[in-house]
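Take a look at the letters that make up each chain.
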Amino acid sequence: MERGEQAMRVIAVATQKGGVGKTSTTVNLAAALTLGGARVLVVDLDPQAQAGTALGVNLAGEDQLARSLGWVLQARLQGMRMPLESIWYDRSDLLADWEDAGTLHLLASEESTMTAAQDLIHKKGYQSTPVLRRMLLELQDHFDYVLIDTPPAVSSLSATALAAGDYVITVCVPEYPALKGAVATRGTVSYVKDRTGGECDPQYLGAVLNRSNPPSKWKAQEVNIRNGMLDAKLAPFLTDIRRDERISDSFAHGVPSVLRFASHPPGKMYGELMWQILGRMEQPPQKWETPDRIDGEGLR
Ligand SMILES: Nc1ncnc2c1ncn2[C@@H]1O[C@H](COP(=O)(O)OP(=O)(O)OP(=O)(O)O)[C@@H](O)[C@H]1O
Ligand SMILES: [Mg+2]
């Protein structure tokens with residue numbers, strides 16, 4: 001991963017189902033990329049502002065509202081130019097223990113301003129959804145990768161996130177409603193080009209199975225979900241992310257688990273996942289490796 005060798009790549013992490021691990025995936029992949037030397041921007045497009053929390057940034061108070069992404073999105077939608085450089089948070093201090101790390105920045109969310117931006121995009125209609133993509137393209141010189149954390153459910157904000165992406169990754173957990181949400185999101189990706197008049201054309205890159213169990217603990221539901229992901233052409237990655245308390249616990253510390261446990265399972269799992277994601281960017285979908293189907297005969 002050499003700096004500045006290729007164009008900036010924007011990855012949206014999205015699924016309609018809430019609580020499956022979009023935010024965890026976003027901030028940990030971002031951290032894994034920085035440890036490989038990349039300059040990474042995390043964009044928090046969720047009014048819940050959890051990506052900010054996971055990176056130790058919580059906006060409150062008048063001064064800070066003007067530093068929120070929701071505020072700047074509203075300004076742009078109303079024709080005002082506001083440079084993103086003036087509002088991003090530099091979280092590269094989190095990387096102080098690593099000599100060769102890249103940089104980590106955050107465009108932070110705040111509930112009231114992001115909800116107002118959502119309403120405005122909704123009012124202006126689908127043609128306004130490229131607003132974030134246009135803003136991010138101005139940051140080409142600053143970043144190698146941009147990861148967008150998205151809100152659950154279908155909304156003008158999730159449409160804006162998909163429109164901003166060069167790539168879309170979806171997240172699933174071994175539960176039936178999560179599979180449905182991931183499949184729906186995968187389907188939505190293919191409409192973006194038409195709906196934005198050709199301006200935005202994200203490529204679907206695959207599905208992360210999160211909060212998975214070791215094979216010895218698989219029950220019928222997990223096997224069905226794993227096979228269901230293949231059947232639904234979600235292109236699951238070879239590495240899934242196991243259920244691990246160190247991942248959830250890291251939220252409270254405002255530091256991604258990859259940075260707190262770099263040489264332990266969280267760091268290793270997300271590191272492997274990162275290489276698979278980068279690998280798929282270089283290959284046509286026919287060449288992507290996916291896990292084998294599982295024979296779940298006899299499981300309950
Ligand atoms: N692999 C994992 N192991 C253990 N806990 C996890 C794992 N992944 C996520 N969690 C926990 O599950 C909860 C939901 O995760 P997260 O907030 O990342 O989901 P989300 O999809 O972003 O949710 P929302 O839809 O509300 O934005 C959090 O408490 C998180 O810490
Ligand atoms: Mg989230």
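With an unreviewed UniProt entry as reference, the protein chain is termed Cobyrinic acid a,c-diamide synthase, source organism Streptantibioticus cattleyicolor.

Trainee: Could you clarify how one ought to interpret the overall build of the protein chain in this entry?
Mentor: Per the secondary structure count, the protein chain includes 13 helices and 8 strands. Computed over its C-alpha atoms, the radius of gyration of the protein chain comes to 18 Å, within 12% of the 19 Å expected for a compact globule of 300 residues. For the protein chain, buried positions account for 55% of its 300 residues. Sequence separation of at least 24 residues holds for 79% of the intrachain contacts in the protein chain that already meet a minimum separation of 6. By element, 48% of the accessible surface of the protein chain is carried by carbon and sulfur atoms, the whole surface being about 13300 Å². Each charge sign in the protein chain was given a centre, from 31 positive and 36 negative side chains, and these centres are 6 Å apart.

Trainee: Would you explain helix α7 (residues 156-164) in this entry?
Mentor: A turn of α-helix holds 3.6 residues, and therefore any two residues three or four places apart point the same way. With 9 of its 9 residues buried, α7 lies for the most part within the structure. Among all positions in α7, only S156, L157, S158, A159, T160, A161, L162, A163 and A164 are buried. Where α7 begins, the side chain of S155 points an oxygen toward the backbone nitrogen of L157, at a separation of 3.1 Å.

Trainee: Help me understand the sheet that holds strand β8 (residues 241-242) in this model?
Mentor: Backbone-to-backbone hydrogen bonds join strands into a sheet, with any given pair of strands oriented parallel or antiparallel. One open sheet accounts for 8 strands, arranged β3-β4-β2-β5-β1-β6-β7-β8; its pairing is mixed. Single-partner strands in this sheet number two, and they are β3 (89-90) and β8. Note: strand β7 (residues 203-212) against β8, 2 bridges, orientation parallel. Within β8, the position partnered with N210 by the bridge is I241. Across the sheet, helix α8 (residues 176-189) touches β6 (167-172) and β7, and the angle it forms with β6 is around 170 degrees.

Trainee: In this structure, what is going on with the nonpolar core? I would like to understand it.
Mentor: Where a protein is soluble and globular, its nonpolar side chains tend to be buried together. Among the nonpolar cores identified, the biggest contains 93 residues, and L136 and I148 are the most heavily contacted of them. The element that contributes the greatest number of residues to this core is helix α13 (residues 265-281), accounting for 7 residues. Excluding its chain neighbours within four sequence positions, the residues that come into contact with L136 are M8, V10, L41, V43, L107, V146, I148 and A164.

Trainee: Help me out: how do you make sense of the packing of helix α1 (residues 22-35) against α13 in this one?
Mentor: Across the interface, α1 lies against α13 with an axial gap of 9 Å and an inter-helix angle of 85 degrees. Comparing their axes, α13 and α1 come out roughly perpendicular. Residues S24, T25, N28, L29, A32 and L33 of α1 form the contact with α13, whose own contacting residues are Y270, G271, L273, M274, I277 and L278. Taken together, the residues of the contact of α1 with α13 sort by class into 8 nonpolar, 4 polar and no charged.

Trainee: Where do I start with the environment of I277 in this structure?
Mentor: The topology assignment puts I277 in helix α13. For I277, a relative accessible area of 3% translates into the label buried. Each C-alpha atom of the pair I277 and I11 lies 10.0 Å from the other, and the pair is 266 residues apart in sequence. Once residues within four sequence positions are removed from consideration, I277 is found in contact with I11, L29, I169, L205 and F237.

Trainee: In this structure, what is going on with the pattern of salt bridges? I would like to understand it.
Mentor: Between side chains of opposite charge, a pair can form when the charged atoms approach closely. Using the criterion set out here, one finds 13 salt bridges in the structure. R226 is the salt-bridge partner of E222, the closest N and O atoms lying 3.0 Å from each other. One end of the pair, E222, and the other, R226, are both in helix α10 (residues 220-231), 4 residues apart, so they sit about a helical turn from each other. On the basis of relative accessibility, which here comes to 4%, the residue E222 falls in the buried class. With a shortest N-O distance of 2.9 Å, R226 and D240 are connected by a salt bridge. Taken together, the positions of R226 in helix α10 and D240 in the loop between α10 and β8 put the pair 14 residues apart, joining distant regions of the chain. Note on R226: relative accessible area 12%, which makes it buried. Look at D240 and you get buried, because its relative accessible area is 15%.

Trainee: When you look at helix α4 (residues 69-77) in this model, what are you seeing that I'm missing?
Mentor: In terms of burial, α4 is a largely internal element, 8 of the 9 residues being buried. Residues of α4 that are buried include every one of L69, G70, V72, L73, Q74, A75, R76 and L77, and no others. G79, located one to two residues past α4, shows a positive phi value of around 85 degrees.

Criteria and cut-off values
- Residues numbered from 1 in each chain as written.
- Chains lettered and ligands numbered in written order.
- Predicted model: local features only at pLDDT ≥ 70, side-chain atom pairs only at ≥ 80, totals over all residues.
- Heavy atoms only, no water.
- Helix = DSSP H or I, 4+ residues; strand = E, 2+ residues; numbered from the N terminus.
- Rg over C-alpha atoms; globule rule 2.2 N^0.38 Å.
- Buried < 20%, exposed > 50% of the residue type's maximum accessible area, 1.4 Å probe, protein only.
- Contact = heavy atoms within 4.5 Å.
- Areas by Shrake-Rupley, 256 points an atom, 1.4 Å probe, with all protein chains shown as cover.
- Lys, Arg positive; Asp, Glu negative; His and termini not counted.
- Charge placed at Lys NZ, Arg CZ, Asp CG, Glu CD.
- Polar contact = N/O pair within 3.5 Å; in protein donor to acceptor, adjacent residues only side chain to side chain.
- Pairing = 2+ DSSP bridges.
- Axes fitted to C-alpha atoms, helices over the stretch in contact; angles between N-to-C directions.
- Core = buried A, V, L, I, M, F, W, Y, C linked by side-chain atoms within 4.5 Å.
- Parallel < 35°, antiparallel > 145°, perpendicular 65-115°, else oblique.
- Nonpolar A, V, L, I, M, F, W, Y, C, P; charged D, E, K, R; others polar.
- Salt bridge = Lys/Arg side-chain N within 4 Å of Asp/Glu carboxyl O.

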